[in-house]
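# Secondary and tertiary structure notes
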Amino acid sequence: MTSLSMNPVLGFLIDAPVSVAHYLVVGAILFTAGVACMATKRNALGVLMGIELVLNGANVNFVAFASTYLAGEGGRPLGLDGQVFAVFVILLAAAEAAVALAITLNFYNNHATVDVDRADDLKG
Amino acid sequence: MDLAAQLPLLLGLAWLTPLASFVAILFFGPRMGPHGRNAAWVATAAIVTSLVLSLAAFVVWLGVHPVQAVAHGEHGVVHAAADAHAGDGGHASGSHDADGHLAADHGHGDPHQPAAYSGNWYTLYRGGRLELSIGYYIDALTVLMFVVVTFIATCIHVYASGYMHDELHEVTDHEVRLADGHHLHRPGRFPRFFQALSLFCFSMMGIVIAGNLAMVFIFWELVGICSWFLIGFYYERKSASTAANKAFIVNRVGDFGMLIGLMALWGALGTLSFADSTTVGPDGNEQVRPGLFSQFRPSEAGHVLQVPDGMVAAAAAAEVATISADHASSPADAASQIAARIPDWRGMGMGRWLLFIAGVGIFCGCVGKSAQFPLFVWLPDAMEGPTPVSALVHSATMVAAGVYLVGRFYPVLSPDVLLVIAYVGAITLFIAATIALVANDIKRVLAYSTVSQLGYMMLALGVGGWVAGLFHLVTHAFFKSLLFLCSGSVIHACHTNDMRKMGGLAKVMPWTAFTMLVGCLAIIGAGVPFVIGLSGYYSKDSILAQALSFANANPGHRVLSWAVAGGAFLTAFYMFRLWFMTFAGQPRDHHVHEHAHESPNVMVTPLVVLAVLAVVAGWTLPGGLGIANLLEQARPAGTAAGLEGGFVFGQSLLFPAEHESHEGAVHITATLTAFGTAMAGVLLAALLYLWKLISPDLIASIFRPIYAFLAGRWYFDELYDLVFVKPTLGVANLASGVDRGLIDRLIDGIAWAARGLAGIDAWIDRTLVDGLVNATANATWNAGLKLRGLQTGRLRQYVMFIVLGTVALFVLAAAAFRSAGTG
């Protein structure tokens, strides 16, 4: 904790009341974890999970920007717009997951594996 | 019901039936039975129908206008019957036009008008003064010609269905040798022959029934094209195709004159219709358009020939223009002034030349069609066609068209034109008869005989013998078609046309020999003087009598009567020379004689029928029924009285009335002269060829130059070749040389230049334009090859690319914002 409070960039997070910035940090962490997961996982299901993390990182940001409570006095929250966007993203994620799982299943049927490194049929 | 009103319907149907047959054979001919055998039946049935209809019309005519043995000069008695019923018939005649009417309408109180029915079936075009219509002009001459044409055509159809049977199979034409040395083999053309025959009959009847000169001209040309089809029937033979072309081209020469005549008439008079026509104007009033006949011989002037108003006004165009200019404000005044001056101008002789040109122009057409000097050269060559064609086209009908038209057009012909006609006829008669003396081809003898007899008819018409000329036309049609069919029978049997290879055929072909003897006797005018004779006896006598009568009235033209008498002698000689050489004596060529045989019944029957008619056609039955009296009914108004006048040849001519030639001294002289010359001709022929007391070869060698001249046919063909054909060919060759040497070169040069330019253009296209396009494509291709390395197929790498790319974009965007913020 101490070391965090000493950090010149993130240090203010410890002392300040919970604000949009905190949520943004969580979103950024989620996003980064997702990207790392996508970039490192060889299992296609792992990659899909990374994508879910990336999308939900963005969702956290939207919801945070939408909240009137977090915006505080004089702030201009997105309001319902942000929440609607978040719902759209969830919807999109569900659809994407359905399609991607179907592709994965087909890939498995054809190659008996879900290793994305083996999916290089379209290599140039 | 008015029977006479049915005449246009009857004759119109008779006219159109062969057209139906033509169309049927044209489309379905080859499918009519094996090899189109039944086409003959179709054509024959059509012409028999025409014959029956024509005979019906003939009976109707006789019922309405009974023929009476008229005392000459009292024609009113005949025509009284025509006037009695003439009031209402025209509109019931089935005509579609309002102007169908009886010409006899105008004959009330005018006993000199012949009974005639005229009207229009169909108007092709009407605008301004021009009116072209399909119309009819029916008088005794029309009805008679219909019967003659359909009758002879029927005989010839029957005969041809036997004669042409070779055409039912594959034909080997022994007169055509192909390049490989074999004879020509071709499919038979049986239906085609009858198709052309039907069209020909239709065209010929079209001329006869035509109600105006434009229609005459249309069918005139149709007859010409039909003769071209038929003469050129064996068109693979060079001689036949040449003869067909010759006939067609020579006829065009005459038709050119005819066109000039037509234009002179139409330009000056504004009508080509023979008879008056009545049209109902927009205001409901009937307007009478005067036809040619009543313009040239108006009934007010007693049907005396005069220069019509239109021609006078056309000749006095300058004066007419002056008057019109003076009275520019009131055209009606000008018109009445002009009308008042016309008799003066006519008195000054204006328009006489136009009248002469119109007459001679129309006669030019007749010269071509009726094979008169100087255009007779096509007819003997036309014998290249099958013999039935010669019989139909070149003896009885087509060549008769010219004589018929002169007869029909007779009221319009001025004394000068008549003199031209008479001299042309006389020259033709003499030249053709002399050539016939030495010809050895049986059909050529008959062809020249035809030309000569046509000369007789023209001469008769030219000296004022209207009935005589047309009477001879009818009788000649019978015996000349008989003679041609007999010669066809002989050729069919002997397979040669050369009389020098025949002889003694009377024993093997008795029917043909006997009928041909009848024909020969008819053509020389044999008979017992003053008692009875064959058909030619009557018609020739009346021609000679009229020629003598004319010679008495115009002593300067006595040579015309000598031509007739001399022609009679020559006719008798060459006809009996033909008969003796063919049928009498001993066979000259045994090969020919052995194969000779009598022709089948289908060919002999028409011979017998025609022979009977050749005997009786000239007879006048008790009660007056006869061809001459029938023709007298159709005599054009005003021509019975004779004609006087003439200016072109510097003297006044007197054409005596025809009835004068039937009286007293003239008639006796004519009969005895005709009889004497004919007998002399027969005797001389018998001396030379039957009893062989004098050798023909000896005479030929004594008069060698004359013989060679005649055998060379007066060298007319050579003369025309030298005067017309060679210069024409020379000009054509010159033109062709210019075409090849100059114009073709020029065009070739232009083509070469264009080709060179195109080559340069192609080079630019290939190197520059194509190079640019290809370079672009190559660059794209190479870039693609280089860039494909990026497509590794590793998903995680792609994610890294995306992440790094996004980061890079953020960095760039931040840098940009920063610089923008500071800037």
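Scroll up a little and you will see the structure.
Scope of this entry: the structure provided in the associated data block.

What counts, and at which threshold
- Residues numbered from 1 in each chain as written.
- Chains lettered and ligands numbered in written order.
- Predicted model: local features only at pLDDT ≥ 70, side-chain atom pairs only at ≥ 80, totals over all residues.
- Helix = DSSP H or I, 4+ residues; strand = E, 2+ residues; numbered from the N terminus.
- Rg over C-alpha atoms; globule rule 2.2 N^0.38 Å.
- Buried ≥ 20, exposed ≤ 12 C-beta atoms within 10 Å, placed from the backbone.
- Contact = placed C-beta atoms within 7 Å.
- Nonpolar A, V, L, I, M, F, W, Y, C, P; charged D, E, K, R; others polar.
- Core = buried A, V, L, I, M, F, W, Y, C linked by C-beta atoms within 7 Å.
- Pairing = 2+ DSSP bridges.
- Axes fitted to C-alpha atoms, helices over the stretch in contact; angles between N-to-C directions.
- Parallel < 35°, antiparallel > 145°, perpendicular 65-115°, else oblique.
- Left-handed = near helix turned anticlockwise from the far one by under 90°.

Turning next to the overall build of chain B. The helix and strand tally for chain B stands at 29 helices and eleven strands. Scaling as 2.2 N^0.38, a compact globule of 823 residues should have a C-alpha radius of gyration of about 28 Å, whereas chain B reaches 37 Å, well beyond that. Oriented by its inertia axes, the alpha-carbon framework of chain B measures out at about 150 × 85 × 55 Å. For chain B, the residues scored as buried account for 51% of the 823 residues in total.

In this section: the interface of chain A and chain B. By a frequent convention, interface size equals the accessible area lost on bringing the separate parts together. Across the contact, twelve residues belong to chain A and twelve residues belong to chain B. Here the element with the most residues in the side of chain A that touches chain B is helix α3 (residues 20-40) of chain A; it accounts for four residues. Here the residues of the side of chain A that touches chain B are counted per class, giving seven nonpolar, two polar and three charged.

Right, let's talk about the nonpolar core for a bit. The biggest cluster of nonpolar side chains holds 254 residues, and the ones touching the most others in it are F200, L459, A614 and L631 of chain B. Take this core: its biggest share by element is 18 residues, from helix α18 (residues 466-494) of chain B. Beyond its immediate chain neighbours, meaning those up to four positions away, F200 of chain B contacts V223, C226, L230, L392 and V393 of chain B. In terms of nonpolar packing, the next biggest core, distinct from the first, is built from eight residues, V35, A44 and V47 of chain A together with V799 of chain B among them.

Attention shifts here to the environment of I14 of chain A. Residues and elements named next belong to chain A. Within the secondary structure layout, I14 lies in helix α2 (residues 12-15). Given 12 C-beta atoms within 10 Å, I14 falls into the exposed group. For the pair formed by I14 and G57, sequence separation is 43 residues and the distance between their alpha carbons is 21 Å.

On to the pairing of strand β2 (residues 117-127) of chain B. All names here are of chain B. Pairing of β2 with strand β3 (residues 130-138) involves nine bridges; the strand directions are antiparallel. Across the sheet, G127 pairs through a bridge with L130, a residue of β3. The antiparallel pairing of β2 with β3 creates a hairpin that spans two residues between the two strands, and G128 there sits at a positive phi of about 60°.

This part is about the packing of helix α15 (residues 398-408) of chain B against α18 of chain B. When two helices pack together, their arrangement is captured by the angle between the axes and the distance separating the axes. Residue and element names in this part refer to chain B. Where α15 meets α18, the axes come as close as 10 Å, and the angle between the chain directions of the two elements is 155°. In terms of orientation, α15 lies roughly antiparallel with respect to α18. Considering how the two elements wind past one another, α15 and α18 form a crossing that is left-handed. Residue-level inspection shows A400, V403, Y404 and G407 of α15 in contact with α18, the latter providing W466, G469, L470, L473 and A477. Class assignment for the residues of the contact of α15 with α18 results in seven nonpolar, two polar and no charged.

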